[in-house]
Amino acid sequence: MDPEVSVLLHCAAWRGLLESQVQVELSDRFNRRTDPTLERQIEEVWAERVSKEPWLFNGSKFRLHSFCMASAVCNSSFSVSPQHPHCTDSTHIPESGCSRDQEGELKNSKQRKKENLCSKDCLFDVGQNNLEIRNRRVNQAEINQTAALSTQASSDESVSQITEDSESGPLLTLRLGLTCYKDYLGTNWSCRQAELRQLGEAEFSDPLALLAQPLGVGGVLCTSDRQVVLIRRSQRVAEAGGLLDIPGGHPEPKAVFERLGRAVQEEQISVDMMQPRAVVSELYSSVCAEIRDEVNIPLRVLGEPVLMGVALNHVSAGRPSAEFYVSCSLTSEEVRELYWKGGAEANESTDIVFLSRKLDRRSPLWSELCPSAKGAVLLYQTVRPDEV
């Protein structure tokens, strides 16, 4: 198991999820918790960084708090065939935004906790993911509701029925708050990240409560001749300089307003100002925008993004990233030619590399991948979105 990365959730039961199959729940309850001493330290770290790198910009980001997949917990219309088991609990990362009543049954016996864990097939490498071990818990009402749903499901439901059900409504809910780049540098990227996790556990019963946890995006871009596109990060970028990565970045809250034709300042952004569907649209479109800007590929040759799951980067305290599969109608040679012509963010990388889709952890190149690329490869191998 690679200590730099783990998979938080995957969508293998459906070979990935399209935009219409994902929804978001937005709330200030899902924001980072604050601490007076920590806030002063964050400001000091930011001031020091800006003095050395005056071009830095403190943009707002979405914060992933928790998720719910294919469960009546979030929406009574959600269903999943018993022939293809998946998560049926409300999974938190962790429960910092829940009310006291919701938390009431979260600290019951280890036996109940064990009963509500997904199987190993549900989450890849779950044994190594201490976040999942700690946080995959539901209350008794949710257990009863899920059990009733399972009882009503027909045991001989076919794969085609799963497809029909998945088209009827969202299968995954992402619970999002807001954070910012400044808070990320002062928490997840801080040398005190371990201390902050301990403080979060002590003060809020939540090791992630004080961390920014900005949600990133990445795209496993596959060419028409079945090659995966990687780029070598410039030594000048803030993280993972010189390593191989997939195209990626962050969905931007401000872009949600721009999509709706509304002008807003970064400091004015709040979750109650945003429409959930517009946020989902930004989540999916942002990965294509990153591919366009970093690899210089026009949007018209890209297929519809397919969400494979969410990976965690443990180098930056378990920062989450939504990883997508994106097909491309161009060959690897055509992509290479476009890359060397230079895109909007050509300065962020120095080379382009094409790999076989069979890359795994035994490959010599594995050690050259940055954590985000490793997480995306693990999800690609697990979900296999191109084997529909």
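Bear in mind that the values here come from a model prediction, so they are computed numbers and not experimental data.

Q: When you look at the overall build of the protein chain in this model, what are you seeing that I'm missing?
A: Along the protein chain, the regular secondary structure elements total 12 helices and 12 strands. Split into buried and exposed, the 388 residues of the protein chain put 53% on the buried side. Considering only intrachain contacts with a sequence separation of at least 6, the fraction spanning at least 24 residues in the protein chain is 77%.

Q: Explain the nonpolar core to me, please; I cannot follow it from the model alone.
A: In terms of nonpolar packing, the biggest core is built from 53 residues, with Met-274 and Ile-297 touching the most fellow members. With near-sequence residues (within four places) excluded, Ile-297 lies in contact with Leu-221, Ile-291, Arg-292, Leu-302, Cys-328, Leu-330, Val-335 and Leu-338. Judged by nonpolar contacts, the second largest core, of 26 residues, contains Cys-222, Val-228, Leu-355 and Val-377.

Q: Looking at this structure, how should I read the side chain of Ser-6?
A: Along the chain, the position of Ser-6 falls in strand β1 (residues 5-10). Given the relative accessible area of 1%, Ser-6 is considered buried. In terms of polar contacts, Ser-6 uses its side chain to reach the side chain of His-314, at 2.7 Å.

Q: Just to check I follow, could you spell out helix α11 (residues 332-341) for this structure?
A: One full turn of an α-helix is made of 3.6 residues, so residues set three or four places apart face in the same direction. Restricting attention to buried positions, one finds in α11 the residues Ser-332, Val-335 and Tyr-339. Down the axis, α11 shows its buried residues gathered within 60° of arc, on one side only. The outward face of α11, more than 90 degrees from its buried face, is lined by the exposed residues Trp-340 and Lys-341. The inward-facing, buried residues of α11 abut β7 (227-233), α10 (276-295) and β12 (349-356). Positive backbone phi, approximately 90°, marks Gly-342, located one or two places after α11.

Parameters and conventions
Residues numbered from 1 in each chain as written. Predicted model: local features only at pLDDT ≥ 70, side-chain atom pairs only at ≥ 80, totals over all residues. Heavy atoms only, no water. Helix = DSSP H or I, 4+ residues; strand = E, 2+ residues; numbered from the N terminus. Buried < 20%, exposed > 50% of the residue type's maximum accessible area, 1.4 Å probe, protein only. Contact = heavy atoms within 4.5 Å. Core = buried A, V, L, I, M, F, W, Y, C linked by side-chain atoms within 4.5 Å. Polar contact = N/O pair within 3.5 Å; in protein donor to acceptor, adjacent residues only side chain to side chain. Arc of directions from axis to C-beta.

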